[in-house]
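What follows is the residue order along each chain.
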Amino acid sequence: MPDPTEPNATPLRSEFADDPDMAELIELFVAEMPDRVSELHRSLESGDIDQLESIAHQLKGACGGYGFEVIGHAAAALEQVVRSGERDVSALRSEVESLVTLCSRAIA
C-alpha cells in the first residue's frame, strides 16, 4: 500500500468529488489550503504552539466534512502531539511536514 504522506504520491480527491452539491465548497476548501500550509509553517517557525494547535484542530474538524479524511487524521495526529506537551521542534516539524505533504496533494 502506498504511503499517503509520500510527496510524489497521487493527488488526494475528496470522497465527495462526484457530488455536484459539494463541488464549489470543495474547490474553495482546496483553494484555501496553501494559506493553511503557510500558517502551519509560520506558527512552527515562530514557536507559536497555540496557533499550531488551533490550525491543526480546525483542519481536523473540517477535513472530514469536505471528504479529506486522511488529511483530518494527520491534523489530529499533529494536534495530539502538541497537546501532549511536545516542544521539540524536530518532532513537531515532522508532524507538520506530514500534514503539509497531504494538504499539498488535495485537489478539487
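Scroll up a little and you will see the structure.
Please read all numbers here as calculations on a predicted model, not as lab measurements. (Residues numbered from 1 in each chain as written. Predicted model: local features only at pLDDT ≥ 70, side-chain atom pairs only at ≥ 80, totals over all residues. Heavy atoms only, no water.)

Quick notes on the overall build of the chain
Point 1. The helix and strand tally for the chain stands at five helices and two strands.
Point 2. When the elements of the chain are put in sequence order from the N terminus, they spell out β-α-α-α-α-α-β.
Point 3. Scaling as 2.2 N^0.38, a compact globule of 108 residues should have a C-alpha radius of gyration of about 13 Å, and the chain matches this with 14 Å.
Point 4. Expressed along its principal axes, the backbone C-alpha trace of the chain runs to roughly 45 × 30 × 20 Å.
Point 5. For the chain, buried positions account for 35% of its 108 residues.
Point 6. For the chain, the accessible surface area stands at approximately 6,100 Å², while carbon and sulfur atoms represent 50% of it.
Point 7. Measuring between centres, the 8 positive side-chain charges of the chain sit 3 Å from its 21 negative side-chain charges. (Helix = DSSP H or I, 4+ residues; strand = E, 2+ residues; numbered from the N terminus. Rg over C-alpha atoms; globule rule 2.2 N^0.38 Å. Buried < 20%, exposed > 50% of the residue type's maximum accessible area, 1.4 Å probe, protein only. Areas by Shrake-Rupley, 256 points an atom, 1.4 Å probe, with all protein chains shown as cover. Lys, Arg positive; Asp, Glu negative; His and termini not counted. Charge placed at Lys NZ, Arg CZ, Asp CG, Glu CD.)

Details of the packing of aromatic side chains
Point 1. Taken as a whole and judged by the stated rule, the model has two aromatic pairs.
Point 2. Taking 4.3 Å as the distance between ring centres and 10 degrees as the angle between the ring planes, the aromatic pair formed by Phe 29 and Tyr 66 counts as stacked. Here Tyr 66 lies in the loop between α3 (49-65) and α4 (69-83) and Phe 29 lies in helix α1 (residues 23-31), a separation of 37 residues in the sequence.
Point 3. Taking relative accessible area as the criterion, Phe 29 reaches 3% and is therefore assigned buried. (Phe/Tyr/Trp six-rings, centres within 6.5 Å; stacked < 30°, edge-to-face > 60°.)

Some thoughts on the nonpolar core
Where a protein is soluble and globular, its nonpolar side chains tend to be buried together.
Point 1. Formed by 29 residues in total, the largest nonpolar core has its most connected members in Leu 40, Leu 59, Phe 68, Ile 71, Leu 78 and Leu 99.
Point 2. Of all the secondary structure elements, the ones that give two or more residues to this core are α1, α2 (33-46), α3, α4 and α5 (89-105).
Point 3. A per-element tally of this core places α3 first, with seven residues.
Point 4. In contact with Leu 40, not counting residues within four places along its chain, are Leu 52, Ile 55, Leu 59, Leu 78, Val 96, Leu 99 and Val 100. (Core = buried A, V, L, I, M, F, W, Y, C linked by side-chain atoms within 4.5 Å. Contact = heavy atoms within 4.5 Å.)

Remarks on the state of the cysteines
Point 1. Going through the model one piece at a time under the given rule, you end up with zero disulfides.
Point 2. Unpaired in this structure, Cys 63 has its nearest cysteine sulfur neighbour in Cys 103, at a distance of 6.2 Å. (Disulfide = S-S within 2.5 Å.)

Remarks on the pattern of salt bridges
Point 1. Applying the stated rule across the entire model yields six salt bridges.
Point 2. Where Glu 79 meets Lys 60, a salt bridge forms, and the shortest distance between an N and an O atom there is 2.7 Å. With Glu 79 in helix α4 and Lys 60 in helix α3, this pair connects stretches of sequence that are 19 residues apart.
Point 3. Residue Glu 79 is classed as buried on the basis of its relative accessible area, which comes to 3%.
Point 4. Owing to a relative accessible area of 32%, Lys 60 belongs among the partly exposed residues under this scheme.
Point 5. One salt bridge connects Arg 83 with Glu 79, and the closest N-O pair in it is separated by 2.9 Å. Placement of the pair is Arg 83 and Glu 79 together in helix α4, with a separation of four residues, close to one helical turn.
Point 6. What you see here is one network of salt bridges that share partners, running through Glu 53, Lys 60, Glu 79 and Arg 83. (Salt bridge = Lys/Arg side-chain N within 4 Å of Asp/Glu carboxyl O.)

Note that every value here comes from positions in space, so none of it alone points to a role or purpose.
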